[in-house]
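Spelled out from the first residue to the last, the chains are:
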Amino acid sequence: MKLRCLIVDDEPLALDVLETFVERLDNLELVCRCNNAVEAYNCLQNEHIDLMFLDIQMPKLTGIDFLKSIPNPPRVIFTTAYRDYALDSYELNAVDYLLKPIAFDRFLKAVAKVTPAEPRGIATSPAAINQTEPDYKDAFIYLKADKKMVKVMLADILYIESLKDYIRVKTDTKEIISYQKISFLEEKLPTDKFLRIHRSFIISLDKVQAFSATAVDVGKTEIPIGRLYKNDVLQVLGQNNLLES
């Protein structure tokens, strides 16, 4: 099965180089080549894309900002002339980070990290949740905090709280503050283990101690249930017909 590719770069020469590389590989198929984020967005709306080669420094909208704006992006390999964005790319679950000028052997190594069998939205970069292990207790995520990438075991998380552009991840032993949108992290968490119960809170279902029609006790913390989330929350917790508002 071929990977359907999109190339996004404002430099015509860079587009030509990447197009040539893609055409050399039998497992890749070029669907669109775009000069900017707007063209790329239109391509994603009209075509199924498995892999996007995305430049970072582009006019009007950077590759990083563009990727953040896509609710369900394809796998992404960043292509850039700047080293400064490497950590940002890991936070965004990029497959790889290629520095220009890009050598073909380095391009091959990046593409080799992507396989058609991998579902969209699951990445293998250091910032991604590790879902290669069969046991949930072994799953983890890396979060950027205090200029480091901090490893957090999913089984240790009590709840996640949104602080506008940041999140607070609370465990029994520590608290991590990371520059991240809660909605982005929500998409990466296993839905059978975590539940959004409020605009500002995601809880671990394994850590629920008690609940009412208005709040959930997670560990020693009482967390409110948002009005818009109430029906879904109570349904998941199995008591929707037993509680009255």
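Every chain begins its residue count from 1, and numbering advances along the sequence as written. Given that the model is predicted, a residue must reach a pLDDT of at least 70 before its local features are reported, and side-chain atom pairs must reach 80 or more before they are shown or counted; all residues, however, enter totals for whole chains, interfaces and linings. Side-chain descriptors were evaluated using all non-hydrogen atoms of the structure, hydrogens and water having been removed beforehand.

The protein has the name DNA-binding response regulator in an unreviewed UniProt entry, where Pontibacter amylolyticus is given as its organism.

### A short note on the state of the cysteines
Criterion for a disulfide: a pair of cysteine sulfur atoms at a distance within 2.5 Å. This model, assessed by the stated rule, comprises 1 disulfide. Paired by a disulfide, C32 and C43 hold their sulfur atoms 2.3 Å apart. Of note, the bridge from C32 to C43 carries an S-S torsion of about 90° and is right-handed in sense. Taken together, the residues span a long stretch of sequence, with C32 in strand 2 (residues 28–34) and C43 in helix 2 (residues 37–46) at a distance of 11 residues. The classification of residues rests on relative accessible area computed with a 1.4 Å probe and restricted to protein chains. Under 20% of the type maximum is buried, over 50% is exposed, and intermediate values are partly exposed. With relative accessibility at 15%, the residue C32 sits in the buried group. Taking the relative accessible area as the measure of exposure, C43 reaches 6% and is therefore buried. Note on conventions: DSSP H or I runs of at least 4 residues are helices, E runs of at least 2 residues are strands, and numbering of each starts at the N terminus.

### Side note on the layout of surface pockets
Note on definitions: the grid is 1 Å and covers protein atoms alone; a cavity is a set of points where a 1.4 Å probe fits but cannot get out; a pocket is an open set with protein on both sides within 12 Å along at least five of seven lines; lining residues have an atom within 4 Å of a point. Grid points are joined across faces, edges and corners, and a volume is the space filled by probe spheres set on the points. By volume, the largest pocket amounts to about 400 Å³. Taken together, 16 residues form the lining of the largest pocket, with K68, L92, Q180, K181 and F184 sitting closest to its centre. Put simply, the parts of the chain that give the lining of the largest pocket at least two residues each are helix 3 (63–69), helix 4 (86–91) and helix 6 (182–188). Classification convention: Asp, Glu, Lys, Arg as charged; Ala, Val, Leu, Ile, Met, Phe, Trp, Tyr, Cys, Pro as nonpolar; all other residues, Gly among them, as polar. When its residues are assigned to classes, the lining of the largest pocket shows 8 nonpolar, 2 polar and 6 charged.

### With respect to the packing of aromatic side chains
When the centres of two rings from Phe, Tyr and Trp lie within 6.5 Å, Trp using its six-membered ring, the rings pair. Their planes under 30 degrees apart give stacked, over 60 give edge-to-face, and anything left gives tilted. For the coordinates displayed, the defined rule picks out 6 aromatic pairs. For the pair Y166 and Y179, a centre-to-centre distance of 5.2 Å together with 70° between the ring planes defines the contact as edge-to-face. In this pair, Y166 is assigned in strand 9 (residues 166–171) and Y179 in strand 10 (residues 175–179), connecting sequence segments 13 residues apart. Residue Y166 is classed as partly exposed on the basis of its relative accessible area of 39%. Each member of the aromatic cluster is reached from another via a ring pair, and the members are F21, F53, F104 and F107.

### Looking at the pattern of salt bridges
We count a salt bridge whenever a side-chain nitrogen from Lys or Arg sits within 4 Å of a carboxyl oxygen from Asp or Glu. Per the counting criterion, the structure on display carries 14 salt bridges. Between R33 and D16 there is a salt bridge, with the nearest N and O atoms lying 3.0 Å from each other. Placement of R33 in strand 2 and of D16 in helix 1 (residues 12–24) is noted, with a sequence separation of 17 residues between them. Its relative accessible area of 34% is what places R33 among the partly exposed residues. Shared partners join several salt bridges into a network, and the residues in it are D9, E11, D55 and K100.

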